[in-house]
Amino acid sequence: MEFPVRLAEAETASELPVGPGWAYEWKFDGDRAAVWRSASGVRVQSRSGRDVTASWPDLAAAAMALRPGTVLDGECVVWRGGRVDFGAVRSRASSSPARAAELAERLPASLPVWDVLSHPELGDVRGRPWWERRELLVGLVAELGGPPIQVVPVTEDPATAREWIRALQSRGIEGVVCKRTASPYRPGRMWVKVRASTPTDATVIGYAGPVARPRTVVVRLPDGRVRFSRPLSPVLSSQMASHVRRTGAGGREVLEGAVYTACVPLAAEVEAGTSRHATVAVRRLRPDLL
């Protein structure tokens, strides 16, 4: 297989696709990763193709139990208090190599996996249908004997998928990813993602409050509106402060009579109303999409 591999992606939709030939998997709120087990070791690859093995030493160690020649597609997640904690994921992903081992002890990661791209006996299996790759995946992960590498739950029952969307929010599960059971694995957008509430992609262009602890951010929405967000949670405030320290602050700007400080643009997911003065709630900051 060529390296780095290009990963498949999902389109966001508001309705669950139904009918013969659909399967539905949990959508985790973490950092996408491909895990390569070669004859010499393990490499963890980010969505963008970067080597992020140093940030996930616990997962790399667990993946050594995979047979050489295995490549899996999944998500690095951190469970805290019975739910997936995306803030903890970002702390792990942005850690320096010196801090990685300490964070692995304090914030241990899990790797839910949903696809196998290369099999130790069969080689590249991306051209095989999803249902066949799923069977191969289950067999490979069963050899490990348990966490932190686990197969993502799946159902082919739309009613169960809808119940997952409704009931799993409290555990930090965003929704479901819908896949055609006959489909091969291809790079690009080939799946359908359905969340309990569909967020909007936006761009953070500034912040208000002290640089060490921003109180709110200024976002540009896809329709061109520029709005202050609601107050940030402590985790989001800390992440925004880290972004400004890393990239630098800009000049002073004014929006709706209030002063804010410009910053290097940062991708974000927000929930925003459609009215002219609608408030904006930041769900998460996404430095991994820059």
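All residue numbers refer to positions counted from 1 along the written sequence of the respective chain. Reporting of local features is limited, given that this is a predicted model, to residues whose pLDDT is at least 70; pairs of side-chain atoms are given and counted only at 80 or more, and all residues count toward the totals for whole chains, interfaces and linings. Side-chain metrics in this entry use all non-hydrogen atoms of the structure; hydrogen atoms and water are not considered.

S.K.: Explanation requested: the overall build of the protein chain in the structure shown.
M.R.: Per the convention used, a helix needs a DSSP run of H or I reaching at least four residues, while a strand needs a run of E reaching at least two, with both numbered from the N terminus. Scanning the protein chain from N- to C-terminus turns up six helices and 18 strands. We take the radius of gyration over the C-alpha atoms and set the globule estimate at 2.2 Å times the residue count to the 0.38 power. For a compact globule of 290 residues, the expected C-alpha radius of gyration is about 19 Å, and the protein chain comes in at 20 Å, within 12% of that figure. Expressed along its principal axes, the backbone C-alpha trace of the protein chain runs to roughly 65 × 50 × 35 Å. A separation threshold of at least 6 residues defines the contact pool for the protein chain, and within that pool the share at least 24 residues apart is 66%. Under the convention used here, a 1.4 Å probe and the Shrake-Rupley method define accessible areas, while residue burial counts only the protein chains that appear. Accessible area for the protein chain stands at about 13500 Å²; split by element, carbon and sulfur atoms hold 52% of it. Note on contacts: a residue pair is in contact if any heavy atoms of the two residues lie within 4.5 Å.

S.K.: What's the story with the layout of surface pockets in this structure? I'm lost.
M.R.: It is the rolling of a water-molecule-sized probe over the atoms that shows where space remains empty. Only protein atoms enter the 1 Å grid, on which a cavity is a set of points fitting a 1.4 Å probe that cannot get out and a pocket is an open set with protein on both sides within 12 Å along at least 5 of 7 lines, lining residues being those with an atom within 4 Å of a point. Grid points are joined across faces, edges and corners, and a volume is the space filled by probe spheres set on the points. Quantified by volume, the second largest pocket comes out at close to 570 Å³. Elements supplying a minimum of two residues to the lining of the second largest pocket: β1 (8-13), β2 (22-27), β11 (175-180) and β12 (188-195). Among the residues forming the lining of the second largest pocket, the class breakdown is nine nonpolar, three polar and 15 charged. When residue character is reported, Ala, Val, Leu, Ile, Met, Phe, Trp, Tyr, Cys and Pro are called nonpolar, Asp, Glu, Lys and Arg charged, and the others, Gly included, polar.

S.K.: How should I be thinking about unusual backbone geometry in this particular structure?
M.R.: Looking along the chain, the bond that leaves P147 and enters P148 is cis, with omega of 15°. Mapping P148 onto the fold places it in the loop between α4 (130-142) and β9 (149-151). In this model, E256 sits at a positive phi of 50°, which is unusual for a non-glycine residue. Summarising the element assignment, E256 is placed in the loop between β16 (249-255) and β17 (258-272). Accessibility expressed as a relative area gives 56% for E256, which makes it exposed. To sort residues, take the accessible area from a 1.4 Å probe on protein chains only and compare it with the maximum for the residue type: under 20% means buried, over 50% means exposed, and anything in between is partly exposed.

S.K.: When you look at the nonpolar core in this model, what are you seeing that I'm missing?
M.R.: One broad trend across soluble globular proteins is that nonpolar side chains are buried collectively. Judged by nonpolar contacts, the single largest core of 30 residues is most densely connected at L16, V176, C178 and W191. Of all the secondary-structure elements, those providing two or more residues to this core are β1, β2, β3 (31-37), β5 (70-80), β7 (109-119), α5 (158-167), β11 and β12. In terms of residues, this core owes the most to one element, β12, which gives four residues. Contact partners of V176, with chain neighbours within four places excluded, come to L16, Y24, E25, K27, A161, W164, I165, V192, K193 and V194. As used in this record, nonpolar core signifies buried Ala, Val, Leu, Ile, Met, Phe, Trp, Tyr and Cys residues forming a set joined through side-chain atoms within 4.5 Å. C76, A109, L111 and I149 belong to the second largest nonpolar core, which has 29 residues in total.

S.K.: When you look at the side chain of R90 in this model, what are you seeing that I'm missing?
M.R.: Within the secondary structure layout, R90 lies in helix α2 (residues 86-93). Residue classification places R90 among the buried positions, given a relative accessible area of 10%. In protein, a polar contact requires one atom able to donate a hydrogen and another able to accept it; more generally it is a pair of N or O atoms within 3.5 Å, and residues adjacent in sequence count only if both atoms are side-chain atoms. A polar side-chain atom of R90 sits 2.6 Å from a polar atom in the side chain of D31.

S.K.: I would appreciate a short explanation of the packing of aromatic side chains in the present structure.
M.R.: For any pair of aromatic rings, the description consists of the separation of the ring centres together with the inter-plane angle of the planes. Aromatic contacts are taken between Phe, Tyr and Trp rings whose centres are within 6.5 Å, Trp giving its six-membered ring; a plane angle under 30 degrees counts as stacked, one over 60 as edge-to-face, and the others as tilted. Under the definition given, this model contains five aromatic pairs. When the centroid spacing of 5.9 Å and the interplanar angle of 45° are considered together, the rings of W26 and F28 count as tilted. For the pair W26 and F28, one class covers both residues: buried. Measuring from centroid to centroid gives 6.0 Å for F228 and Y260, while their planes differ by 90°, and the two rings are edge-to-face. Here F228, found in strand β15 (residues 226-228), pairs with Y260, found in strand β17; they are 32 residues apart in sequence, far enough to count as distant. Y260 gets classed as buried once you look at its relative accessible area, which sits at 9%. Aromatic ring contacts, followed pair by pair, group W26, F28, W79 and W164 into a single cluster.

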